[in-house]
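As a plain string of letters, each chain reads:
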Amino acid sequence: MARLKLKEHIINRDWCKGCGICVHFCPKKVLELDSQEKVVVVRPEDCICCKLCELRCPDLAIEVIHE
Amino acid sequence: MAIKDYIRQRYFPQMWCPGCGHGTILNSLLRAVDELGLDKNSIVMTSGIGCSARISGYVDFHSLHTLHGRALAFATGVKLSKPELQLLVPMGDGDALAIGGNHFIHAARRNIDITAIVMNNRIYGMTGGQYSPLSGPGKKATTAPYTTIDNEFDVVNLSIAAGASFVARSTTYHVLECIDILKKAISHKGFAVVEILSQCPTHYGRKNKEGDAIQMLEVQKKTTAKLGSKALEDDPTLIPRGIFVDIDAPEYCQEYDKIVESAMKSANSSNSSSSNENRISLTTKSCVTQGE
Ligand SMILES: Cc1ncc(C[n+]2csc(CCOP(=O)(O)OP(=O)(O)O)c2C)c(N)n1
Ligand code: SF4
Ligand SMILES: [Mg+2]
């Protein structure tokens, strides 16, 4: 299968509660929590679009959009 | 459709604690419904009481937030009156197997076409961390400060013994597997049970020193293994995940329809000479007798 190419992560900061599940289990360490304990994308170029962050998020706060 | 089209966005952010596994179960369930391409107007979700039960408020399906332990009783009523609807019944471990244990085994015994999802965090989350019939011995809870001595139910074995025709287990860590199992359970004709191991970091995690949500998910990863895997063969103490039972068995609503049909037939033949009006009243009577 061809490698998926990331367009963007859509993050809903109002819904994110900063549990850190997406950050911890991202296989490529693309995400981090900022000073307000909200998820931010720090290494988008490493994203493999596996969507595990989106699927595990208890708050439906992150979406991975690919080309 | 997008996932957001299946929820009532006005109630978000949802009420669950940060990292609560119940949110991930909602997420997986929405993906399953979306991937199956179900019309949301054909789905009814009934729930009881508990943190888990709050899930019915977030989905944009027909929903009934009912009484603690009684979600399956309400679902049975809905399904029998409108068998064409798809019934999804998420329940907490206390909801499903403490107060609702009797409804649970009898719904399984009847093999009525309902998808029962046990959101198992091994504790009463909503009421402050009392132990549940799924906690198991040696666990701490507000009602067991020196640890519990009660054995836990094995939801899978219990469901199989009670007569469920589809029985599976997954976790909130194994999301891809969980979505796949939920899709199969929803498509199954008959009583389908999916136990999903969930994490309550606020009560169970804190009391049992399992740490935060992330550490609790690491525990799920380490202590479970896929049915038929080498890992499970090497270490039978691991909790098995996967589909344990998936069989065709007579479904309750269909069997009920057959009874109605045979009652109609016998009433019609015994009253073949009477007027139409009489026939209708007698048919109704014999249906009622059969239903008792
Ligand atoms: C008839 C009745 N008995 C007891 C309660 C109190 N009560 C509310 S939720 C709950 C247990 C919740 O535990 P569980 O079903 O495991 O759901 P969780 O909150 O862990 O998701 C209890 C005992 C109630 N609401 N109604
Ligand atoms: S108390 Fe436990 S089960 Fe309830 S929302 Fe919080 S983490 Fe989830
Ligand atoms: Mg519980």
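Residues numbered from 1 in each chain as written. Chains lettered and ligands numbered in written order. Predicted model: local features only at pLDDT ≥ 70, side-chain atom pairs only at ≥ 80, totals over all residues. Heavy atoms only, no water.

A. Local environment of the overall build of chain B. What chain B contains, in helices and strands, is 12 helices and 8 strands. Its C-alpha atoms give chain B a radius of gyration of 21 Å, near enough to 19 Å, the size a compact globule of 292 residues would have. A buried classification covers 50% of the 292 residues belonging to chain B. In chain B, the share of contacts with a sequence separation of at least 24, taken over all contacts with a separation of at least 6, comes to 65%. (Helix = DSSP H or I, 4+ residues; strand = E, 2+ residues; numbered from the N terminus. Rg over C-alpha atoms; globule rule 2.2 N^0.38 Å. Buried < 20%, exposed > 50% of the residue type's maximum accessible area, 1.4 Å probe, protein only. Contact = heavy atoms within 4.5 Å.)

B. Molecular detail of the side chain of Thr171 of chain B. Residues and elements named next belong to chain B. Within the fold, Thr171 resides in strand S5 (residues 166-171). The class of Thr171 is buried, set by a relative accessible area of 1%. A distance of 2.9 Å separates a polar side-chain atom of Thr171 from the backbone nitrogen of Tyr173. Of the polar contacts made by the side chain of Thr171, one reaches the side chain of His174; its length is 2.7 Å. Excluding residues that lie within four positions of it along the chain, Thr171 makes contacts with Glu177, Cys178, Ile196, Leu197, Gln220, Thr224 and Arg241. (Polar contact = N/O pair within 3.5 Å; in protein donor to acceptor, adjacent residues only side chain to side chain.)

C. Broad picture of the interface of chain B and chain A. Listed as interface residues are 26 residues of chain B and, on the opposing side, 17 residues of chain A. Viewed at the interface, chain A and chain B are joined by 2 salt bridges. Here chain B is connected to chain A by 11 residue pairs in polar contact (both at pLDDT 80 or more). Going through the elements one at a time, helix H1 (21-36), helix H7 (175-187) and helix H9 (213-223) of chain B are the ones with two or more residues in the side of chain B that touches chain A. With 6 residues, the top contributor of residues to the side of chain B that touches chain A is H1 of chain B. For the side of chain B that touches chain A, the class distribution of residues is 15 nonpolar, 8 polar and 3 charged. (Salt bridge = Lys/Arg side-chain N within 4 Å of Asp/Glu carboxyl O. Nonpolar A, V, L, I, M, F, W, Y, C, P; charged D, E, K, R; others polar.)

D. Quick look at the domain arrangement of chain B. What the domain assignment lists for chain B is domain 1 (3-249) and domain 2 (253-291). If you average the C-alpha positions of domain 1 of chain B and of domain 2 of chain B, the two centres end up 40 Å apart. (Domains from an automatic or database assignment.)

E. Helix H6 (residues 155-162) of chain B, seen in detail. Residue and element names in this part refer to chain B. Those residues of H6 not exposed but buried are Val155, Val156, Ser159 and Ala162. Buried residues along H6 cover an arc of 140° about the axis, so they all sit on one side. Where H6 is buried, its residues meet helix H4 (93-97), helix H5 (101-110), strand S4 (115-120), S5, strand S6 (192-197) and strand S8 (239-246). Just downstream of H6 lies Gly163, where phi reads positive at about 115°. (Arc of directions from axis to C-beta.)

F. Structural detail: H9 of chain B. Ala213, Ile214, Met216, Leu217 and Gln220 of chain B are the residues of H9 of chain B that are buried. Buried residues of H9 of chain B, viewed axially, fall in a sector of 165°; they line one side. At its buried positions, H9 of chain B is contacted by helix H1 (21-25) of chain A together with S5, S6, helix H8 (201-207) and strand S7 (224-226) of chain B.

G. The sheet that holds strand S3 (residues 86-92) of chain B, seen in detail. Residues and elements named next belong to chain B. Across the sheet, 8 strands lie side by side as S2-S1-S3-S4-S6-S5-S8-S7; this open sheet has mixed pairing. The open sheet is flanked by strand S2 (62-65) and S7, the only strands paired with a single partner. Averaged over all neighbouring strand pairs, the angle between strand axes comes to 20°, with direction disregarded. (Pairing = 2+ DSSP bridges. Axes fitted to C-alpha atoms, helices over the stretch in contact; angles between N-to-C directions.)

H. Fine view of the packing of aromatic side chains. Going through the model one piece at a time under the given rule, you end up with 6 aromatic pairs over all chains. Ring geometry for Phe25 of chain A versus Tyr173 of chain B: centroids 5.3 Å apart, planes at 65°, classification edge-to-face. A residue pair is termed interchain when its members come from two chains, as with Phe25 of chain A in helix H1 and Tyr173 of chain B in the loop between S5 and H7. Their ring planes at 70° and their centres at 6.4 Å tell us that Tyr6 of chain B and Phe61 of chain B sit as a pair that is edge-to-face. Of this pair, Tyr6 of chain B sits in the segment before H1 while Phe61 of chain B sits in the loop between helix H2 (55-58) and S2, and the two are 55 residues apart along the sequence. (Phe/Tyr/Trp six-rings, centres within 6.5 Å; stacked < 30°, edge-to-face > 60°.)

I. Quick look at the site of ligand 1. Residues and elements named next belong to chain B. Neighbouring residues of ligand 1: 17 residues in total, closest His22, Cys51, Asp93, Asp95 and Gly125. Between ligand 1 and Cys51 there is a distance of 2.9 Å, counted from an oxygen atom to a backbone nitrogen or oxygen. One of the backbone N or O atoms of Asp95 is found 2.7 Å from an oxygen atom in ligand 1. Protein contacts shield 73% of the accessible area of ligand 1, which totals 590 Å² for the unbound molecule. (Near = heavy atom within 4 Å. Areas by Shrake-Rupley, 256 points an atom, 1.4 Å probe, with all protein chains shown as cover.)

J. View of the packing of H5 of chain B against H6 of chain B. All names here are of chain B. The geometry of H5 relative to H6 is characterised by a closest axis approach of 8 Å and an angle of 50° between their N-to-C directions. Here H6 runs oblique to H5, going by the angle between their axes. Between H5 and H6, the residues in contact are Phe104, Ile105, Ala108 and Arg109 and Leu158, Ser159 and Ala162, respectively. Here the contact of H5 with H6 is built from residues that sort into 5 nonpolar, 1 polar and 1 charged. (Parallel < 35°, antiparallel > 145°, perpendicular 65-115°, else oblique.)

K. Structural detail: the site of ligand 2. All names here are of chain B. Close contacts around ligand 2 come from Trp16, Cys17, Cys20, His22, Cys51, Asn121, Gly125, Cys200, Pro201, Thr202 and His203, and that covers them all. When residues of the shell around ligand 2 are assigned to their parent elements, the largest contribution, 3 residues, is made by H8. For the shell around ligand 2, the class distribution of residues is 6 nonpolar, 5 polar and no charged.

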